[in-house]
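# Structural features, examined
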Amino acid sequence: MITAGIDCGAKTVKVLILKDGRVIGKSLALAGFDTKAATEQSFNIALRGAGLSKNDIQRIVATGAGRLEAAFLAKEETTEVAADARGAIKLFPSARTVIDVGAEEGRAIKIDRNGKVVDFAVNEKCAAGAGAFMEAMSRALEVPLEELGELTLKSQRAVPMNAQCVVFAESEVVTLIHAKTPKEDISRAIHDAISDRIVSMVRRIGLERDVVLIGGVAKNIGFVNSLNRDLELEVKIPEEPEFVGALGAAILAAE
Amino acid sequence: MIAHYGYKDASGEYFIILDTEKCDGCGACVDACRWGVLEVGVDPNNPFHEEPIVLVTEEHRNKLKYSCAQCKPVSDRPPLPCVSACPNGALSHSW
Amino acid sequence: MAQEVRTTGEYWRWTESRWNDPDIDWRKAKTITAGVDVGSVSSQAVIMVDGKIFATGNMRTGSSSPDSALNVTNWALEGTGMKIEDIHYTVGTGYGRVNVPFAQKAITEIACHARGANWIYGPTVRTLLDMGGQDCKAIHCDEKGKVINFLMNDKCAAGTGRGMEVFADLLAVPITKIGEVSFQIDEEPPAVNSTCVVFAKTEATGLLRAGWPKEKVIAAYCSAMAHRVAELLERIGVEKDFVITGGISKNIGVVKRLEKELGIETLKTDFDVQLAGAVGAALFAQALLKKHRSAA
């Protein structure tokens with residue numbers, strides 16, 4: 001059976017094509033201001049990669065905050081929580097806790113051995129608890145987002161960050177720069193702050209091993225280190241953490 | 001006086017609410033809180049009230065959603081330790 | 001009356017100014033008290049002589065709170081012959097309240113604003129909203145200006161002048177013009193959905209791309225802010241009379257929409273309401289001085 005999962009996130013659209021449990025095509029596109037166009041583009045690239053045409057796909061399931069924008073392709077939809085859980089258990093059968101930090105939302109999901117959702121908590125509507133926080137901080141610090149995490153590796157000491165709001169944290173970062181605080185230490189403070197917020201959410205569902213971290217933020221070594229320190233364990237990270245939601249949707253489509 | 005300590009952001013309203021007329025500053029809630037959110041001190045909002053009273057610490061005031069998270073599991077929520085500890089019913093949470 | 005105003009043109013929410021009453025002979029006074037409000041942007045000093053306002057000052061806050069407290073008080077007293085040492089009792093308030101070197105006591109802005117508003121507007125004031133650049137306070141008080149219920153938010157920029165500044169920058173409209181521009185629309189648009197300033201900014205960018213004129217976007221954001229403030233006020237109980245102080249009081253785009261949502265009009269005054277906290281602090285200083293003297 002050939003199925004597709006489409007994950008319309010706030011910032012990117014991910015498409016993944018699955019044939020009998022094997023990934024045969026995938027694509028990621030920036031959502032920009034037209035999620036529908038991005039979805040179409042991403043879908044076509046994934047099809048081309050798999051050497052298929054649209055009619056070859058038997059079922060399509062969409063997920064993500066903008067999933068309604070994919071309605072022109074996907075007749076069915078599922079929640080991000082269900083998709084994340086399914087994708088994570090497929091990659092790591094030992095997973096019991098899934099952490100997904102997206103651009104506009106952070107989630108912690110507790111799952112059973114079958115990938116069924118037991119409990120979940122979401123940080124939503126406030127940018128301080130999501131990837132948007134790091135994006136804003138990278139601008140304030142004038143360090144590209146991709147380099148922000150690595151910068152923490154050179155940090156000599158932990159400096160506190162008091163602001164809990166992205167807008168106020170931007171000013172705090174500027175003040176820290178003026179006070180000649182090394183950028184490495186500020187970067188560490190930024191990652192510690194977001195990790196703190198994510199961990200408190202994980203504790204609300206009860207921490208259970210193994211813990212899997214998915215979403216684009218999982219590629220950020222600074223965040224991963226802060227998270228491991230706070231959770232006192234090592235989170236498991238898939239090779240392509242940003243595709244786990246789309247994978248889960250494609251798996252659900254195959255059922 | 002009803003004192004609301006905390007904040008409202010886009011995700012919700014997170015206030016610890018204290019009835020200062022009912023609080024006698026005994027500190028039972030301070031001992032019950034494992035996270036150091038509460039303290040006993042002089043009321044900075046009422047210059048004529050000299051007896052000690054419970055306050056929410058500056059450190060936690062702007063992150064109650066996170067500081068209090070562990071006492072608020074998503075399911076099977078037990079009674080809040082700080083609220084239950086108060087013999088006078090002076091304390092409550094808005095969320 | 002001696003009055004001096006220095007307009008800085010920097011921010012809508014404050015002008016440097018000072019005033020004193022030359023008809024008062026402070027040398028014969030029984031009580032001389034001061035209230036010094038050191039805020040994050042501006043600092044105010046109010047000096048009272050036998051319960052009457054003798055001098056006031058309003059200045060930008062510098063990098064040091066103790067210096068700002070000294071500077072604004074000296075600026076208020078300049079030319080009056082009075083020195084800081086002549087003041088019998090001083091109360092510090094505001095963000096830098098514990099850093100007023102010559103103050104005997106520090107009291108929060110919550111208590112001082114309520115007391116000050118009661119003095120400025122009269123005893124009918126029951127609800128007070130003070131929204132500055134970085135925080136928002138909602139206070140419910142009694143006829144004596146005593147606080148019954150309050151909340152303060154300095155965690156989230158959405159409920160502060162800062163959120164409005166972010167929008168003013170985004171739309172390239174001077175912050176002083178926001179209120180006026182928000183009414184240059186044919187029809188009131190629905191409010192911006194997102195509360196979070198970061199997400200509201202993204203939403204606004206989307207609306208502009210969808211062809212909304214910036215006046216309409218501004219109107220939608222003023223509505224969102226009015227709604228947010230109304231929710232905060234409802235938590236502490238809104239009752240007549242209602243007053244608004246702080247920078248937001250100068251933004252009619254928010255004030256008019258808030259009045260409409262609450263169904264209550266705000267009381268107006270000619271007095272410089274930026275002094276409310278310092279007036280309250282000076283009044284507390286007077287009460288505390290009396291208490292001390294009778295105890296001695």
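Residues numbered from 1 in each chain as written. Chains lettered and ligands numbered in written order. Predicted model: local features only at pLDDT ≥ 70, side-chain atom pairs only at ≥ 80, totals over all residues. Heavy atoms only, no water.

### Observations regarding the domain arrangement of chain A
By a widespread convention, an interface's size corresponds to the accessible area lost as its parts come together. Residue and element names in this part refer to chain A. Taken domain by domain, chain A holds domain 1 (1–92 + 240–255) and domain 2 (94–237). Here domain 1 and domain 2 have C-alpha centroids that lie 25 Å from each other. With 14 residues of domain 1 at the interface, the matching set in domain 2 holds 27 residues. Across the interface of domain 1 and domain 2, roughly 1600 Å² is buried in total on both sides, 72% from carbon and sulfur atoms. The largest per-residue losses of area from domain 1 upon contact with domain 2 belong to Val 81, Phe 92 and Pro 241, which jointly make up 38% of the total buried on that side. Our enumeration of links across domain 1 and domain 2 arrives at four salt bridges. (Domains from an automatic or database assignment. Contact = heavy atoms within 4.5 Å. Buried area = accessible area lost by both parts, 1.4 Å probe. Salt bridge = Lys/Arg side-chain N within 4 Å of Asp/Glu carboxyl O.)

### Quick look at the packing of aromatic side chains
As enumerated under the stated definition, the model contains six aromatic pairs over all chains in all. Their ring planes at 80° and their centres at 5.5 Å tell us that Tyr 14 of chain B and Trp 95 of chain B sit as a pair that is edge-to-face. Taken as a pair, Tyr 14 of chain B in strand β2 (residues 12–19) and Trp 95 of chain B in the segment after β5 (91–93) lie far apart in primary sequence, 81 residues in all. Where Phe 167 of chain C meets Tyr 221 of chain C, the ring centres are 3.7 Å apart and the plane angle is 5°; that geometry is what we call stacked. Of this pair, Phe 167 of chain C sits in helix α3 (residues 161–171) while Tyr 221 of chain C sits in helix α6 (residues 214–236), placing them 54 residues apart in sequence. Overall, the relative accessible area of 1% leaves Phe 167 of chain C in the buried class. In this arrangement the basic side chain of Arg 197 of chain A is found over the ring face of Phe 133 of chain A, its NZ or CZ atom lying 4.7 Å from the centre. The ring of Trp 212 of chain C carries Lys 216 of chain C above its face, with NZ or CZ at 4.3 Å from the centroid. (Phe/Tyr/Trp six-rings, centres within 6.5 Å; stacked < 30°, edge-to-face > 60°. Helix = DSSP H or I, 4+ residues; strand = E, 2+ residues; numbered from the N terminus. Buried < 20%, exposed > 50% of the residue type's maximum accessible area, 1.4 Å probe, protein only. Lys NZ or Arg CZ within 6 Å of the ring centre and 35° of its normal.)

### Description of the interface of chain A and chain C
Across the contact, twelve residues belong to chain A and 16 residues belong to chain C. Regarding the contact of chain A and chain C, the summed buried area is about 1200 Å², with carbon and sulfur atoms giving 74% of it. Ranking the residues of chain A by area buried against chain C places Phe 33, Val 167 and Phe 168 of chain A at the top, with a combined share of 51%. Put simply, chain A and chain C have zero salt bridges between them. For the pair chain A and chain C, the interface holds one residue pair in polar contact (both at pLDDT 80 or more). Looking at which element gives the most residues to the side of chain A that touches chain C, the answer is helix α5 (residues 166–178) of chain A, with four residues. Classifying every residue of the side of chain A that touches chain C by side-chain character gives eight nonpolar, two polar and two charged. (Polar contact = N/O pair within 3.5 Å; in protein donor to acceptor, adjacent residues only side chain to side chain. Nonpolar A, V, L, I, M, F, W, Y, C, P; charged D, E, K, R; others polar.)

### Notes on the environment of Asp 130 of chain C
Residues and elements named next belong to chain C. Locating Asp 130 in the fold gives a position in strand β8 (residues 127–131). Linking Asp 130 and Gly 116, residues 14 residues apart in sequence, is a C-alpha distance of 12 Å. With residues up to four places along the chain from it excluded, the contact list for Asp 130 reads His 113, Asp 135, Cys 136, Lys 137, Thr 245 and Gly 246.

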